[in-house]
Every structure is written in structure tokens, then in C-alpha cells.
Amino acid sequence: VGGGVPEPSPTPAPKGLGWPLERGTDRLVAAINSRLPEDVMVVSAAATHNHFDPVSDAVRKVYTYTYHFGRERPLWDRRYVHHVMRDALDHALMHDAAQALVGEHDFAAFAAAGHGRLTTVRRVISCGVARVDDRRVRMTIVGTGFLWNMVRIIAGTLMQVGAGQRSVADVRAALESRDRTKAGPTLGPEGLCLEWIEYAVH
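Basis of the calculations
- Residues numbered from 1 in each chain as written.
- Predicted model: local features only at pLDDT ≥ 70, side-chain atom pairs only at ≥ 80, totals over all residues.
- Heavy atoms only, no water.
- Disulfide = S-S within 2.5 Å.
- Helix = DSSP H or I, 4+ residues; strand = E, 2+ residues; numbered from the N terminus.
- Contact = heavy atoms within 4.5 Å.
- Polar contact = N/O pair within 3.5 Å; in protein donor to acceptor, adjacent residues only side chain to side chain.
- Salt bridge = Lys/Arg side-chain N within 4 Å of Asp/Glu carboxyl O.
- Buried < 20%, exposed > 50% of the residue type's maximum accessible area, 1.4 Å probe, protein only.
- Arc of directions from axis to C-beta.
- Core = buried A, V, L, I, M, F, W, Y, C linked by side-chain atoms within 4.5 Å.

Enquirer: Lay out the state of the cysteines in plain terms, naming residues and giving numbers.
Expert: Overall, the coordinates contain zero disulfides when judged by the stated rule. With no disulfide of its own, Cys127 has Cys193 as its nearest cysteine by sulfur position, at a separation of 15 Å.

Written as C-alpha cells, this is what we have:
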């Protein structure tokens, strides 16, 4: 009225949060997959409670880290393994060192600066290293939760053990020190894989 700028119409109230359950989860899977890149696919979906949190509701997470050692670099799967320019890694010694990390500990030495968490105490349920073939070994670690870069720092520390650059006692000392400079390097994302996450059933 009066030639002024019209006021914007009010934003309509949201009808609800998330995917309406009455539409069914099969249609949700199809809708998500239609927008994902070709190398990612959702295979199933299920309804959960309204207050579900994918971080805090996780009971266990499993990561693996795969090392490829040798003078020749990997080719076809180079984005999924960490290349170590050595003739061998002592996976048995790496496995022994990994046992020092099992249990509830303060993992400050294995956390990146600026991790943003209130506490660096975490519980590792299991951690082991096994041979995959004549050029590869793989670390598997299971925990209730992990700090920023924690798995990649552990992978770097155990790599040094396998290369003879660090002892099992050094790993224990690094853990007890709570000092990031006492642990090994942060390895690259190549080689790291989140295998699965377990959630509590409500």
C-alpha cells in the first residue's frame, strides 16, 4: 500500500523432518542412489528413533589400514593402499605392538592437534596386524570411537615398528606420554577404510 516495497511472504512452516515413513524405505534408497556418484551405492535402509545420532549412537567402529611394501609402487588400487618403500614389514612385531593400544587409554599422543574433543580417552576393543599376501599387511582396529586422525597415526606408528625404526616398548611409552611428538607420523588417507559401524538397537 502506498507504493512501498512489499513485505516478503512468510516462510511456510516445515511439514516435518526427514523422509516420511509412509513413503517406505525402498523409495528412499532409490532417491538417494539417484544422486550418488557411480562408485557409491546404498543397499538398504531402515527406520530408527527420532533422536538417532550417527556419532553418539555408535557402539563400535571398525577401520582397516592396508600397507603395500616394495620398490615397485602399486598401480590399479594405488588409491586404497599405502605404499611403503621397503622390502618388508614385520607384521608379527607390528601385531605385538598393537596390543599395547587395546583397552581404555588416553590417546592424546595419537590425536591430531585441534581434534576438538572434550576428552582424548577412548576404548580400543581390539587391534591387530596380519599379512594379506607377499606384498601387503593390514591393520584392523575396533573401538567404541576414535579421535581425529587417530587411526592414521596408529598406522604410522605401527609402520615404524614393522620397519625396525621403533620398538614395542616405544609404542607403550608414546601412549603413556600423551605427547603427540612421541608417536609416529600421520599416514595419508590411502590405505584407510571404514569397514562398518555398529549401532545400538532401540
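Enquirer: Could you give me a rundown of the side chain of Thr157, with the residues and numbers involved?
Expert: Examined against the element boundaries, Thr157 turns out to sit in helix H3 (residues 150-162). If near-sequence neighbours (up to four positions away) are discounted, Thr157 is found in contact with Phe110, Arg166, Val171, Ala183, Gly184 and Pro185.

Enquirer: How would you sum up the environment of Ser177? Please name residues and give values.
Expert: By secondary structure assignment, the location of Ser177 is in helix H4 (residues 168-177). Considering only alpha carbons, one finds Ser177 and Ala109, 68 residues apart in sequence, at a separation of 6.9 Å. One polar contact links the side chain of Ser177 to the main-chain carbonyl oxygen of Ala174, over a distance of 2.7 Å. In this structure the side chain of Ser177 is engaged in a polar contact, spanning 3.1 Å, whose partner is the backbone nitrogen of Asp179.

Enquirer: Let's hear about the pattern of salt bridges: which residues, and what values?
Expert: Throughout the structure, instances matching the rule amount to four salt bridges. Here Asp87 ties to Arg71 by a salt bridge, and the two come within 3.5 Å at their closest N and O atoms. With Asp87 in the loop between strand E2 (82-84) and helix H2 (91-98) and Arg71 in the loop between strand E1 (58-69) and E2, the pair connects residues that are 16 residues apart, well separated along the chain. Owing to a relative accessible area of 52%, Asp87 belongs among the exposed residues under this scheme. Take Arg71: its relative accessible area is 55%, and that puts it in the exposed class. Between Arg136 and Asp77 there is a salt bridge whose closest N-O contact spans 2.5 Å. Separated by 59 residues along the polypeptide, Arg136 in strand E5 (residues 136-143) and Asp77 in the loop between E1 and E2 bring together distant segments of the chain. The exposure class assigned to Arg136 is buried, which follows from its relative accessible area of 15%. According to the relative accessible area criterion, Asp77 is partly exposed, its value standing at 26%.

Enquirer: Go over H4 with me, naming the residues and quoting the values.
Expert: Within H4 the residues assigned to the buried category are Val168, Val171, Ala174 and Leu175. In a view along the axis of H4, the buried residues occupy a sector of 120°, so they form one face of it. Elements that come into contact with the buried residues of H4 comprise H2, strand E3 (103-106) and H3. Where H4 terminates, the next one or two residues include Arg178, which has phi positive at roughly 60°.

Enquirer: Can you explain the environment of Cys193? Please cite residues and give values.
Expert: One can find Cys193 in strand E6 (residues 192-199). For Cys193, a relative accessible area of 34% translates into the label partly exposed. Each C-alpha atom, one on Cys193 and one on Arg136, is 15 Å from the other, the two residues being 57 residues apart in sequence. The contact partners of Cys193, leaving out residues within four places of it in the chain, are Val62, Tyr63 and Thr64.

Enquirer: Can you tell me about the nonpolar core, naming the residues and giving the values?
Expert: A general trend in soluble globular proteins is that nonpolar side chains are found buried together. Core analysis: the largest hydrophobic core is formed by 38 residues, its most contacted members being Tyr67, Leu89, Phe110, Met139, Ile141 and Leu158. Broken down by secondary-structure element, the contributors of at least two residues to this core are E1, H2, strand E4 (121-133), E5, H3 and H4. Broken down by element, the residue count for this core peaks at eight residues, all from H3.

Enquirer: Let's hear about unusual backbone geometry: which residues, and what values?
Expert: In this structure, Asn149 is a non-glycine residue whose phi angle is positive, near 65°. With respect to the helices, strands and loops of the structure, Asn149 is situated in the loop between E5 and H3. Accessibility expressed as a relative area gives 19% for Asn149, which makes it buried. With a phi angle near 60°, Arg178 is a residue other than glycine that sits in the positive phi range.

The analysis is restricted to geometry; functional conclusions fall outside its scope.
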